[in-house]
Amino acid sequence: MCLSSSRTAAAGSFSISRTVYDNAYEQSRVRTWLTPGKPLRLKELVLISNSVDLQERAKWVWRETLAIHRRAPETRIASSLSAIEIFVALYYGGILEFKPTDPRWEQRDRCVISKGHGSICMYPILADLGFFPMQELQMVCKAGGILGGIPDPIIPGYETVNGSLGHGLGVASGMALALKRKRSGQSVFVVCGDGELHEGANWEAIMFACQHKLDNLHLIVDNNGISMLGYTDEIVSHQGLAGRLESFGWNCSEVDGHDAPAIQDALMRLKTTAGGQPKALIARTLKGRGVPGLENEPLSHILAPKPDLLDSLLKANDDVG
């Protein structure tokens, strides 16, 4: 049995999505981040509506992402730090419908993470929500663990293979078309990096989605302005990206990509808007956000912070927390 909840969040409670599940096994899998290890009761599973809670959740994800990279330096850290608030809004803000104990639940919304290499920040979110045990965060890139440096569908919560960039939007467009033809009410979200928009396959998908009136498709661009080897404006500029997408027939909005409540509001508006247009949200972000030597550095994608710096950042975060 599934229940839809739109209640105001009680103090210290949060939601796995707008839908909650009345199942004792599932309840035992979900933990509250305020009291780690304590199962939530069904009545506690309500939507995070407090903007402070969303931002606090984003700070926790930032800290856990640094900790993962400290243990597994082969992961891509800079591009993961720019997308944290995007994923927090999607997964804690009631945008996505999902079921942690049944990741392939037929009624789920689909979230294609096209910038897979830059989504290590998703690991603590998925573990926190009960897709897999929290202990897996200690096993990233280690023998016996399920979490690799580049995520793939073996990980509960990931829909697609994400290694080759530039294909997520095309895959998501196909999913959206299939759901449309099935007259399904589910939505499809795809998170792309701005650098991968240099790949032509994306623009084929942008034209395809408009022609087929895929208003159940939502593109979120992590517009951090940096690709693998430099600023995107020095390679192929993304200035005026919203206007370009609108010229292809998309309904497009822009937002501060580090303001989780603003992202939540923008996505909810787009999700509840019909009209036959695919939708895009351009999130203005900083690559490597919060890490000296990485933030907004043109080569941050291939740089790794020194262990001593990570240790000091983690300690400072713990002291403040």
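In this text the structure is predicted, and so the values were computed from the model without any measurement. (Residues numbered from 1 in each chain as written. Predicted model: local features only at pLDDT ≥ 70, side-chain atom pairs only at ≥ 80, totals over all residues. Heavy atoms only, no water.)

Draft legend 1. Inspection of the pairing of strand β5 (residues 217-223) at higher detail. β5 sits mainly inside the fold: seven of its seven residues count as buried. Because side chains alternate across β5, one face comprises the buried residues L217, L219, V221 and N223, and the other comprises H218, I220 and D222, equally buried. Looking at chain direction, strand β4 (residues 188-193) and β5 are connected through six bridges and run parallel. Across the sheet, residue F189 finds its bridge partner in β5, namely H218. Viewed along the sheet, the connection from β4 through helix α7 (residues 200-211) into β5 turns out right-handed. In the sheet, β5 pairs with strand β9 (residues 279-284) via six bridges, with the strands oriented parallel. Across the sheet, V221 pairs through a bridge with I282, a residue of β9. (Buried < 20%, exposed > 50% of the residue type's maximum accessible area, 1.4 Å probe, protein only. Helix = DSSP H or I, 4+ residues; strand = E, 2+ residues; numbered from the N terminus. Pairing = 2+ DSSP bridges. Right-handed = clockwise from strand over helix to strand, strands pointing away.)

Draft legend 2. Structural view of the side chain of H238. In this structure, H238 sits in the loop between β7 (230-231) and α8 (241-247). Polar side-chain contacts of H238 include one of 3.3 Å to the backbone oxygen of D194. Not counting chain neighbours up to four residues away, the residues in contact with H238 comprise D194, G195, L197, H198, N223, T232, D233 and R244. (Polar contact = N/O pair within 3.5 Å; in protein donor to acceptor, adjacent residues only side chain to side chain. Contact = heavy atoms within 4.5 Å.)

Draft legend 3. Molecular detail of the side chain of S119. Within the secondary structure, S119 is located in the loop between β3 (110-113) and α5 (122-129). Relative accessible area serves as the criterion here: at 0%, S119 is assigned to the buried category. Discounting chain neighbours no more than four positions away, the residues touching S119 are S80, F87, I113, P151 and Y158.

Treat this as a map of the structure, not an account of what it does.
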